[in-house]
Amino acid sequence: MFVRVLMPAIIYIMSAAFAGYAQDDVQFTQYWAVPTYYNPAATGEIDFVRIRGGARMQWVGIDNAPKSFMASADTPFKIGKKRIGVGVNMSQESLGLFSNMLVNIQASYKLKLFKGTLSIGVQGGYFNSKFKGTEVYIPEGDDFHESGDEAIPLRDMTGNAFDLSAGVWYTHKYFNIGLSGLHLLEPTVSFDSEGAETAEMTQYETKLRRAIYLISNGNIAIKNTLFELQPSLMFKSDFSRFGVEATFRATYKKLFWAGVGYRYNDAVSAMVGAEFKNFFIGYSYDYPTSAISKVSSGSHELVIGYRVKLDFSAKNRHKHRSIRIM
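No experiment lies behind these values; they were computed from the predicted model shown.

**Here's the deal with the overall build of the protein**
And then number 1: A tally of regular secondary structure across the protein gives two helices and 18 strands.
And then number 2: Taking all 326 residues of the protein together, 45% fall into the buried category.

**Considerations on the packing of aromatic side chains**
And then number 1: The tally for this structure, following the rule as stated, stands at twelve aromatic pairs.
And then number 2: Seen from their ring centres, F235 and F242 are 6.4 Å apart, and the 20 degrees between their planes marks the pair as stacked.
And then number 3: Exposure remark for F242: the relative accessible area of 39% places this residue in the partly exposed category.
And then number 4: Residues F279 and Y306 carry aromatic rings whose centres are separated by 4.7 Å and whose planes lie at 45 degrees to one another, so their mutual orientation is tilted. One end of the pair, F279, is in strand β17 (residues 279–288); the other, Y306, is in strand β18 (residues 298–308), with 27 residues separating them in the sequence.

**Things to note about the side chain of S68**
And then number 1: Position of S68 among the secondary structure elements: in strand β3 (residues 67–79).
And then number 2: Residue S68 is classed as buried on the basis of its relative accessible area, which comes to 6%.
And then number 3: Of the polar contacts made by the side chain of S68, one reaches the side chain of E93; its length is 3.0 Å.
And then number 4: With sequence-adjacent residues up to four places away left out, S68 is seen in contact with V26, G54, A55, R56, Q92 and E93.

**A word on the pattern of salt bridges**
Where side chains of opposite charge bring their charged atoms close, a pairing between them can arise.
And then number 1: Within this structure, the stated rule accounts for twelve salt bridges.
And then number 2: For R83, the salt bridge identified is with D47, shortest N-O distance 2.8 Å. One end of the pair, R83, is in strand β4 (residues 82–95); the other, D47, is in the loop between α2 (35–38) and β2 (49–60), and 36 residues separate them in sequence.
And then number 3: With a relative accessible area of 41%, D47 lands in the partly exposed category.
And then number 4: In this structure, D286 and R263 form a salt bridge, with 3.2 Å as the shortest nitrogen-oxygen distance. With D286 in strand β17 and R263 in strand β15 (residues 256–263), this pair connects stretches of sequence that are 23 residues apart.
And then number 5: Judged by relative accessible area, D286 falls into the buried class, the value being 2%.
And then number 6: Given the relative accessible area of 6%, R263 is considered buried.
And then number 7: Overlapping salt bridges bring together R56, K236, E245, R263, D266, D286 and E301 as one network.

Rules used throughout
- Residues numbered from 1 in each chain as written.
- Predicted model: local features only at pLDDT ≥ 70, side-chain atom pairs only at ≥ 80, totals over all residues.
- Heavy atoms only, no water.
- Helix = DSSP H or I, 4+ residues; strand = E, 2+ residues; numbered from the N terminus.
- Buried < 20%, exposed > 50% of the residue type's maximum accessible area, 1.4 Å probe, protein only.
- Phe/Tyr/Trp six-rings, centres within 6.5 Å; stacked < 30°, edge-to-face > 60°.
- Polar contact = N/O pair within 3.5 Å; in protein donor to acceptor, adjacent residues only side chain to side chain.
- Contact = heavy atoms within 4.5 Å.
- Salt bridge = Lys/Arg side-chain N within 4 Å of Asp/Glu carboxyl O.

Pasting the structure below:
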């Protein structure tokens, strides 16, 4: 029995060299727009069913660079006098010959604290990782790899694991702040592939690294104007590397917004968007500040969303609205 630890090599090398932080979770420049992805305690934060989806094309110009997708939905409701939040989210990311998918179910419990609301949340998830070994190509005369190297699987493989995360989130009229721990069990996915020339079983593994996220968002209204300012900050670490991101947005009439951002040792960003009635849309562009700018023109990201308020009071219990006018 041979044991190989199959780290997503491209993810590890690129993120270590250019970002200083290992990218196991999807990296969103508009992280403030998808808080439940990073913290289960943020579920049910507003009195709406909130639906968000995001897509990201990272490091355009590099073959097999990360392509990511995320979808989430959350809502609050009451059990007696207790207020809780529930949510679900799904993310998928492809990078080179690797493809990872994570599906989570979330719940949070809320209580009043000072002049705000403290939320404690937990989520359980299903993690799936795939490797397309049949697409491995080793050119002839390669000085670093051999076609018969057992450390390089030449067959398609897949593996699953259970994931567990938790967090706390505090919401105030003028700000919110949250701390979360993702992948607390640091799940290991085992891939099994029959040996091509022997009866032995060669085992490969990959690990979803434990990570912490600290996120804070503010809302500052400018007196006698129609503008509001929204600074945001994210700190993240997998206990061996760290990353820091900061964004600063300005909103006009609670409708249009624009902003800039900076990811430490990685990229600067520009973003624009709008919120009209219950719809949300945001676009961001990242330009790398590291050496990766020599081979990439940057990263593109789009986040869209919709929210709807549900009223289950007695007078509305039997009323229904056409989906065409919601």
